[in-house]
Amino acid sequence: MCLFLADSVSRMGGGGNMSTPTTTTEAKKNPLKRIPISKPPFTIGDVKKVIPPHCFQRSLIRSFYYVAHDLSLASAFYYIASTYFHLLPSPYRYLAWVTYWIVQGCVFSGIWMICHECGHHAFSDYTWVDDTVGFILHSAILMPYFSFKYSHRRHHANTNSIDHDEIYVPRIKSEIPWFSKYSNNPLGRILQLVTMLTLGMPLYLIFNTTGKNYGRFASHFDPYGPIYNDRERLWIYISDAGVIATTYVLYRIALAQGLAWVVCIYGMPLLVMNGSIILVTLLSHTHPSVPFYDSSEWDWLRGALATVDRDYGVLNKVFHNFVNTHVVHHLFSTIPHYRAEEATKAIKPLLGEYYQFDGTPFYKAFWRETRDCLYVEKDEGSDHSNGVFWYKNKL
């Protein structure tokens, strides 16, 4: 929901200039043109050399500024909602609450992005600081910090590997459920999108839906599940404890203030946050132009390059440049978000056709990708086709 506001602001000129600038060439480039699948004529070392060295420097003070900024916004919006909304007449009160849910959900999303950065050791030079901040803030929004940190790092280590990636692993055609051909229509897609945006995050965390198929039950809350190794199990317990502690605090608040109060103040913004995270992460990794590779073809650099930068207008800043600098993030995940735009600008000339940007409005892109990217299949008869898969939609 918050993304619709950003798109409107961007189209009115209020936020488009805040994203990584796009050149005339980029604007005219067909965003659906497939990126090259041949091995790049550059190495990751070559890419690193063109990025200004200061882009790799993490500032503890600057990172904490963004924490304070987001928490101050969340506190201000909470104060306004809890203090003044009940004074408004009925029609305006309902409008005020919906606006609060959207705006506060966007702020929660920004906090989620900071925790995501902590998990990549991009927050500061001190791992214990990163993990402390990430654990406290992620627990506060019911995210198991260490559980997500470990599975997400494996996603970065295996991006677009059809055999080993950890998230948004596409199905091959033979794995498509029988009912998919009956739901591949506008009404079916609407139901799918609503389910995805409302239940996608908890289903992923609890049941590992859209994640790697381990052949058995896998959950981010299960210390002995197949996602984690023996060295990580203690930290999964700690992650679970953080979520349980937050749940207990919410329970005590609900006893004192009422369940409706908790839902309005906290639950609905959390729902908006979960939907926003699902949407932006899906659009960063689901696109007709990017390939998936099996083990015979996959290598780390080509996998990392098979991601997409998007433009969400003013929300690029609210989301701490998570969506408009996703390519460089997959190449160098320790670059802090406040240096990612400069790094992206530096690498684009070198990457050339290997850099993918799509400026399609997010709502159009979301509909297109859920319509056209149903499964992956090989292009038989073309070069490198033995281990390269592309999104298809013909059932």
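Data block above holds the structure.
Residues numbered from 1 in each chain as written. Predicted model: local features only at pLDDT ≥ 70, side-chain atom pairs only at ≥ 80, totals over all residues. Heavy atoms only, no water.

*Asks:* Quick one: what's the story with the pattern of salt bridges, residue by residue and with numbers?
*Replies:* Scanning the model with the defined rule gives 17 salt bridges in all. Linking Lys-392 and Asp-379 is a salt bridge whose minimum nitrogen-to-oxygen distance equals 3.1 Å. Taken together, the positions of Lys-392 in strand β5 (residues 388-392) and Asp-379 in the loop between β4 (375-378) and β5 put the pair 13 residues apart, joining distant regions of the chain. The buried category is assigned to Asp-379, whose relative accessible area is 17%. In this structure, a network of salt bridges that share partners links the residues Arg-34, Glu-377, Asp-379 and Lys-392. (Salt bridge = Lys/Arg side-chain N within 4 Å of Asp/Glu carboxyl O. Helix = DSSP H or I, 4+ residues; strand = E, 2+ residues; numbered from the N terminus. Buried < 20%, exposed > 50% of the residue type's maximum accessible area, 1.4 Å probe, protein only.)

*Asks:* Help me get a handle on a nonpolar patch on the surface, residues and values and all.
*Replies:* A cluster of nonpolar side chains, Tyr-78, Tyr-79, Ile-80, Tyr-84 and Leu-87, forms an exposed patch at the surface whose accessible area comes to about 520 Å². One can find Ile-80 in helix α4 (residues 60-84). (Patch = residues over 30% accessible without salt bridge, like charges linked within 9 Å, V, L, I, M, F, W, Y side chains within 5 Å. Areas by Shrake-Rupley, 256 points an atom, 1.4 Å probe, with all protein chains shown as cover.)

*Asks:* Provide a residue-level description of the sheet that holds β4, including the pertinent values.
*Replies:* One open sheet accounts for three strands, arranged β1-β5-β4; its pairing is antiparallel. With partners counted over all chains shown, the strands left at the sheet margins are β1 (292-293) and β4, one partner each. As paired elements, β1 and β5 share two bridges and run antiparallel to each other. Paired with Phe-292 across the two strands is Phe-389, which belongs to β5. (Pairing = 2+ DSSP bridges.)

*Asks:* Before we move on, could you go through the nonpolar core and cite the residues and values that matter?
*Replies:* Trp-112, Ile-141, Val-280, Leu-283 and Tyr-312 are the most contacted members of the largest nonpolar core, which has 54 residues in total. Ranked by residues supplied to this core, first place goes to helix α11 (residues 259-285) with 10 residues. Residues contacting Leu-283, with those up to four places away along its chain left out, are Val-308, Arg-310, Tyr-312, Phe-362, Ala-365, Phe-366 and Glu-369. In this structure, Val-328, Ala-343, Tyr-354 and Tyr-355 belong to the second largest nonpolar core, which totals 19 residues. (Core = buried A, V, L, I, M, F, W, Y, C linked by side-chain atoms within 4.5 Å. Contact = heavy atoms within 4.5 Å.)

*Asks:* For α4, give the residues involved together with the corresponding values.
*Replies:* With 25 residues, α4 extends 36 Å from end C-alpha to end C-alpha; this agrees with the ideal 36 Å at 1.5 Å per step. Taken together, the buried positions of α4 are occupied by Ser-63, Tyr-66, Val-67, Asp-70, Ala-74 and Ala-81. Against α5 (90-119), α6 (127-140), α11 and α15 (337-351) lie the buried residues of α4. (Expected span 1.5 Å × (residues − 1).)

*Asks:* Go over the packing of aromatic side chains with me, naming the residues and quoting the values.
*Replies:* For the structure on display, the rule yields 22 aromatic pairs. Measuring from centroid to centroid gives 6.2 Å for Trp-112 and Phe-322, while their planes differ by 90 degrees, and the two rings are edge-to-face. With Trp-112 in helix α5 and Phe-322 in the loop between α13 (315-318) and α14 (326-331), this residue pair connects regions lying 210 residues apart in the sequence. The structure contains a cluster of three or more aromatic residues connected by ring pairs, namely Phe-135, Tyr-145, Phe-146 and Trp-235. A cation over a ring is seen here: Arg-34 above Trp-390, with NZ or CZ 4.1 Å from the ring centre. Positioned above the aromatic ring of Tyr-293, the side-chain terminus of Arg-302 is 4.8 Å from the ring centre. (Phe/Tyr/Trp six-rings, centres within 6.5 Å; stacked < 30°, edge-to-face > 60°. Lys NZ or Arg CZ within 6 Å of the ring centre and 35° of its normal.)

*Asks:* Can you lay out the layout of surface pockets for me, pointing to particular residues and giving the numbers?
*Replies:* One number sums up the size of the largest pocket: a volume of about 1500 Å³. If you list the elements that add at least two residues to the lining of the largest pocket, you get α7 (145-157), α8 (180-183), α9 (186-207), α11 and α16 (362-372). Among the elements that take part in the lining of the largest pocket, α9 stands out by supplying 10 residues, more than any other. Grouping the amino acids of the lining of the largest pocket by side-chain chemistry returns 23 nonpolar, 20 polar and seven charged. In terms of lining residues, the second largest pocket is bounded by 19 residues, among which Phe-108, Ala-140, Ile-141, Leu-250 and Tyr-266 are the most central. The set of elements that each furnish at least two residues to the lining of the second largest pocket consists of α4, α5, α6, α10 (233-257) and α11. Residue composition of the lining of the second largest pocket, grouped by class: 16 nonpolar, three polar and no charged. (1 Å grid on protein atoms, 1.4 Å probe; cavity = no way out; pocket = protein on both sides within 12 Å on 5 of 7 lines; lining within 4 Å. Points joined across faces, edges and corners; volume = space filled by probe spheres on them. Nonpolar A, V, L, I, M, F, W, Y, C, P; charged D, E, K, R; others polar.)

*Asks:* Describe empty space enclosed by the protein, listing the residues and the values that go with them.
*Replies:* According to the stated counting rule, one finds three cavities of 30 Å³ or more in the structure shown. When its volume is computed, the largest cavity comes out at roughly 170 Å³. Lining of the largest cavity is provided by 17 residues; of these, His-116, Glu-117, His-320, His-329 and His-337 occupy positions nearest its centre. Of all the secondary structure elements, the ones that give two or more residues to the lining of the largest cavity are α5, α14 and α15. Classifying every residue of the lining of the largest cavity by side-chain character gives eight nonpolar, eight polar and one charged. Taken as a whole, the second largest cavity holds about 50 Å³ of empty space. What lines the second largest cavity is simply Cys-115, His-116, Gly-119, His-120, His-138, Tyr-145, Phe-148, Lys-149, His-152 and Arg-153. Put simply, the parts of the chain that give the lining of the second largest cavity at least two residues each are α5 and α7. For the lining of the second largest cavity, the element with the most residues is α7, which contributes five residues. Among the residues forming the lining of the second largest cavity, the class breakdown is three nonpolar, five polar and two charged.

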